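# Structure assessment
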Amino acid sequence: MRRTVRTLADGREIIYFDSPAAPERTAVDPRDLPRDDTDIQLRRDPLTDEWVVQAAHRQSRTYKPPAGLCPLCPSAPARPTEIPESDYEVVVFENRFPSFTAPAGRCEVVCFTADHTTSFGALSPDRVRMIVDVWADRTAALGALPGVEQVFPFENRGDEIGVTLAHPHGQVYGYPFVTPRTERMLQVAARYLAEHGRPVMGDVLNDARARVLVESAHWTAFVPAAARWPVEVHVVPHRQVPDLPALTDAERADFARVYLRVLGRLDGLYDRELPYVAAWHQAPVRTGRDLAWLHLEVFSILRTADKLKYLAGSESGMAVWINDVLPADLAARLRAAPARYGH
């Protein structure tokens, strides 16, 4: 994989990831863009001891443009976009409307393909394998930045999830703190290891046999017993590793095949593209690396083909989740669903 670093008109970094045979990336961003004027504030809630991000400039971010004005498509004559090149394979650039900026964090956009009309599940295994390498690259790069404590690659897909750009893409956040969810998971992992002498995720994998969706040499995808969402699948490596850079070549290639099978079943569940969030859980940069177990959580708010799961009083007010769908039933329905893609 070839890596080419360039600069956009306002000074933001853009990085092209290409196969060796791809053309050199030499295009220059012709736009006249203002320099960064973001005002991001981090405030700690004194009642919960959790950080809240105030980023008012994001109110002006691009919102559902028509396909012909998509800022994530390659540039064309008289239509410059965020990617100056006329084509690309995978590209990463600093978000123009970030939630975090240096010296306290960083936000990046990851464009999975130049094709505006496709989706992650329809990509080739080779392209997904490249994306895994890109996630690993960005995890290492952002983790090395001063002030970054946790790196979070993720993808949001679908209008119902709140996606404002339809082009297949994800993001990578470099948080200036360890997130509350990760802190809690590390606390549980430490307590379980002290009580049982083995990692909690290992026992979760063993207990998930009746709810397995896909299993391979290196990964298992299953519906968790305590699923919060009406559609929820976890994809877990069989070997305990802290983060994406720690995966072997074989594990990365195997993940690409497993994940495409999972996405095919998810889109086959209701015979439509499922709106989802795909969230990588990784170890923080400096703490809990011996306790964390890398895994991907994929979930959807769609509880039937045309009904949404809303976060109402119990979930939003008290963080107590009530799921309308039994995990075992979901696992059976996903196994029976036709694969929407031919992987």
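Before any of the text, the structure's been laid out above.
This write-up is about the structure you can find in this document.

The rules behind each value
- Position numbers for residues start from 1 in each chain and track the written sequence from start to end.
- In view of the model being predicted, local features appear only for residues whose pLDDT reaches at least 70, and side-chain atom pairs are presented and counted only at 80 or more, with totals across whole chains, interfaces and linings using the full set of residues.
- Side-chain measures were taken over the full set of non-hydrogen atoms in the model, leaving aside hydrogen atoms and water.
- Runs of E in the DSSP output that reach at least two residues are strands. Runs of H or I that reach at least four are helices, and both are numbered from the N terminus.
- Based on C-alpha atoms, the radius of gyration is set beside the globule rule, defined as 2.2 Å times the residue count to the power 0.38.
- Partly exposed residues are those whose accessible area sits between 20% and 50% of the maximum for their type, while under 20% is buried and over 50% is exposed, using a 1.4 Å probe and protein chains only.
- Throughout, a contact is declared for two residues whenever any of their heavy atoms are within 4.5 Å.
- With residues, only the protein chains shown are counted as cover, and all accessible areas are computed by Shrake-Rupley using a 1.4 Å probe.
- Positive charge is attributed to Lys and Arg, negative charge to Asp and Glu, and no charge count is given to His or to the chain ends.
- Throughout, a charge is located at the NZ atom of Lys, the CZ atom of Arg, the CG atom of Asp or the CD atom of Glu.
- Throughout this description, a polar contact denotes any pair of N or O atoms lying within 3.5 Å of each other; where both atoms belong to protein, one of them has to be capable of donating a hydrogen while the other can accept it, and for residues adjacent in sequence the pair is counted only when both atoms sit in side chains.

## Section: the overall build of the protein chain
Per the secondary structure count, the protein chain includes six helices and 15 strands. Compactness check: the protein chain gives a C-alpha radius of gyration of 20 Å against a globular reference of 20 Å for 343 residues, within 12% of the reference. Every one of the 343 residues in the protein chain was classed for burial, and the buried ones make up 52%. Residue pairs at least 24 apart in sequence account for 64% of intrachain contacts in the protein chain once pairs closer than 6 positions are excluded. As presented, the protein chain carries roughly 15900 Å² of accessible surface, and 53% of it is formed by carbon and sulfur atoms. Side-chain charges in the protein chain split into 40 positive and 45 negative, and the spacing between the mean points of these groups amounts to 2 Å.

## Some remarks on the side chain of glutamine 282
Summarising the element assignment, glutamine 282 is placed in the loop between strand 12 (276-281) and strand 13 (295-300). Judged by its relative accessible area of 5%, glutamine 282 falls in the buried class. Only 2.8 Å separates the side chain of glutamine 282 from the backbone nitrogen of leucine 244, close enough to count as a polar contact. Among all residues touching glutamine 282, those that are not within four sequence positions of it are Thr139, Gln150, Val151, Pro153, Thr182, Pro242, Asp243, Leu244, Pro245 and Leu294.

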